[in-house]
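# Examination of the molecular architecture
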Amino acid sequence: MEHAEIITNAYNFTKNAFFSIAQFPRWLVLFFYIIGPVIVGFILATIVLQLIVLPILVSLLVGPDFGFTQEVLSGLLQFLALLIGISCIFFVPLMQGYCYRLFRSDDTMPDTGNLWVLFFNGWRINITVLIYAIPLMLISIIYMLVFMYLFPDTGMYSTADVLDMEGMMYVGTVFSYAAIQFVTTLVVLLFAFIGVTHLCRTGSIREAVSLRTITGIISRIGWYDYILSLVVMSILYLMVTFVVVSLSQLFSNNLVIMTVLYVLYIFALVPITVFFIKYLSEVYDTAFLPDERDDEEFDFF
């Protein structure tokens, strides 16, 4: 596998797709596919929570018995509205649907129309991701039950005296959970990337979550080449994220600048996502290239 050639092809595709005046409207549409559901969900959740739910909670909880104030309840509901808005990226998966379409495309950017098709194809990716996330969810549930059984009075996020036997058990359990979850996440991602790509190419969720099928594809790519390609993608993503996080720390006291930074970050994620998809698509395609036979030893005949 020629990694440099694959990176160059993905870069040229992304450059031709976005970095010109004529292509800028497409960039804006895809940006809206990410941020639009968040804004709409946040506004609707704010209206419902502040105008309907808040008066009910105020009548029930504000008083000397519970100690809540209307301002505290309003702040909590506004934070909940923000979480609901962010979750709309998952529940209204327009960008995921476009990624599905992009994985299936050849050398041209697909159109951005037909929102219903994008929505349903996005949910195909969501379902596949949820299936791959089952091991992570099971580990979390198991450890939650372990914490409830071993430390009923402290809870998972409490502090403990590490010199005490119970404290040592608590710290050991936390670290074992973190280590197992981290390793499991790496293994899941290793299969999930190719699984999602295979889903988009075949349209079959069953094939996308078949470990035998996905393992066979990775074996044909080559485990070393595949893992190296994921490392390359991770480094590029972490570099961009590091720059944004560093700048946000410098302007942590200025809410306006931080908002602008994160909006620009999401704006930059559009071509970055396209680059990753084309890069991963070309890596995936190497599994189906015909085997090259080396007949040089017979050249003297």
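Throughout this document, residue positions are counted from 1 along each chain, in the order its sequence is written. Per-residue local features of the predicted model are confined to residues with pLDDT of at least 70, and side-chain atom pairs are confined, for both listing and counting, to 80 or more; whole-chain, interface and lining totals are unaffected and use all residues. Only heavy atoms go into the side-chain values, all of them from the structure, while hydrogens and water stay out.

Here we come to the overall build of the chain. A tally of regular secondary structure across the chain gives 11 helices and 0 strands. Secondary structure elements follow DSSP: runs of H or I of four or more residues count as helices, runs of E of two or more count as strands, with numbering from the N terminus. When the helices and strands of the chain are listed from N to C terminus, the series reads α-α-α-α-α-α-α-α-α-α-α. The proportion of buried residues among the 301 residues of the chain is 35%. Partly exposed residues are those whose accessible area sits between 20% and 50% of the maximum for their type, while under 20% is buried and over 50% is exposed, using a 1.4 Å probe and protein chains only.

In this section: the nonpolar core. In plain words, nonpolar cores are sets of buried Ala, Val, Leu, Ile, Met, Phe, Trp, Tyr and Cys residues tied together by side-chain atoms within 4.5 Å. Grouped together as the largest cluster of nonpolar side chains are 50 residues, with contacts concentrated most on F18, L30, M109, I194, I221, Y226 and V270. The set of elements that each furnish at least two residues to this core consists of α1 (3-18), α2 (24-61), α4 (94-104), α5 (115-132), α7 (165-202), α9 (211-221), α10 (223-250) and α11 (255-285). Broken down by element, the residue count for this core peaks at 11 residues, all from α11. A45, L54, L77 and A81 belong to the second-largest nonpolar core, a separate cluster that totals 6 residues.

For the rest of this paragraph, the subject is the packing of α10 against α11. Every axis corresponds to a line fitted to the C-alpha atoms, with the helix fit spanning only the stretch in contact, and the corresponding angles, defined between N-to-C directions, vary from 0 to 180 degrees. Packing of α10 against α11 leaves a shortest axis separation of 10 Å and a crossing angle of 170°. In terms of axis orientation, α10 runs roughly antiparallel to α11. Of α11, the residues touching α10 (which contributes Y226, S229, V232, M233, L236, Y237, V240, T241, V244, L247 and S248) are M258, L261, Y262, Y265, L269, I272, F275, F276, Y279, L280 and V283. In this classification, the charged set is Asp, Glu, Lys and Arg, the nonpolar set is Ala, Val, Leu, Ile, Met, Phe, Trp, Tyr, Cys and Pro, and all remaining amino acids, among them Gly, are polar. In the contact of α10 with α11, the residues fall into 19 nonpolar, 3 polar and no charged. Oblique is the label for every angle not falling under 35 degrees (roughly parallel), over 145 degrees (roughly antiparallel), or within 65 to 115 degrees (roughly perpendicular). Working rule for contacts: check all heavy atoms of both residues, and any pair within 4.5 Å makes them a contact.

Moving on: the layout of surface pockets. If you roll a probe as big as a water molecule over the atoms, it shows you where there is empty space left. A 1.4 Å probe that fits but cannot get out identifies a cavity on a 1 Å grid over protein atoms alone, an open set with protein on both sides within 12 Å along at least five of seven lines counts as a pocket, and a residue lines either if it has an atom within 4 Å of a point. Grid points are joined across faces, edges and corners, and a volume is the space filled by probe spheres set on the points. By volume, the largest pocket amounts to about 1,700 Å³. Residue assignment for the lining of the largest pocket shows that the elements contributing at least two residues are α2, α3 (70-91), α4, α5, α7, α10 and α11. For the lining of the largest pocket, the residue count by class is 38 nonpolar, 5 polar and no charged. When its volume is computed, the second largest pocket comes out at roughly 240 Å³.

Checked against the element boundaries, R101 lands in helix α4. Distance and chemistry together define a polar contact, namely a pair of N or O atoms within 3.5 Å, with one atom able to donate a hydrogen and the other to accept it when in protein, and with adjacent residues in sequence counting only for side-chain atoms on both sides. A polar contact of 2.7 Å, which involves the side chain of R101, links it to the backbone oxygen of D111. If we ignore the near neighbours within four places in the chain, the residues touching R101 are P110, D111, T112, G113, N114, V117 and L118.

A word on α10. Any helix carries an expected span of 1.5 Å times its number of residues minus one. Taking 1.5 Å of rise per residue, the 28 residues of α10 would be expected to cover 40 Å, and the 40 Å separating its terminal C-alpha atoms lies within 8% of that figure. Within α10, burial applies to D225, Y226, S229, L230, M233, T241, V244 and S248.

Turning our eyes to something else, we now look at the packing of aromatic side chains. A pair of aromatic rings is counted whenever rings of Phe, Tyr or Trp (Trp by its six-membered ring) have centres within 6.5 Å, and the orientation is called stacked for planes under 30 degrees apart, edge-to-face for over 60 and tilted otherwise. Across all of its chains, the model carries 17 aromatic pairs by this definition. Plain terms: the ring middles of F18 and W27 are 5.6 Å apart, the flat faces sit at 65° to each other, and that makes the pair edge-to-face. Grouping residues by exposure puts F18 and W27 together as buried. Taken together, a centroid distance of 5.1 Å and an interplanar angle of 55° make the contact between Y143 and Y177 tilted. Of this pair, Y143 sits in helix α6 (residues 134-150) while Y177 sits in helix α7; the two residues are 34 residues apart in sequence, bridging distant segments of the chain. Take Y143 and Y177: they sit in the same class, and that class is buried. Members of the aromatic cluster, joined through ring pairs, are F18, F19, F24, W27, F31 and F267. In this scheme, Lys NZ or Arg CZ marks a charge over a ring once it lies within 6 Å of the ring centre and within 35 degrees of the ring normal. Positioned over the ring face of F13 is K278, at 4.6 Å from the centre of the ring.

Before going further, it helps to examine the confidence of the model for the chain. Regions with low pLDDT carry predicted coordinates that are not meant to be interpreted in detail. Note: pLDDT gives the predictor's confidence per residue, expressed from 0 to 100. Residues of the chain with pLDDT of at least 70 account for 90%, and the chain-wide mean is 86. Confidence, read as mean pLDDT per element, is least for α10 in the chain (86) and greatest for α5 (95). The low-confidence segment residues 294-301, where pLDDT is below 50, has 0 contacts with residues more than four positions distant or belonging to other chains.

What follows concerns unusual backbone geometry. Phi angles above zero are rare outside glycine, and N114 is one such case at about 60°. You can see N114 is positioned in the loop between α4 and α5. By relative accessible area, which is 47% here, N114 ends up partly exposed.

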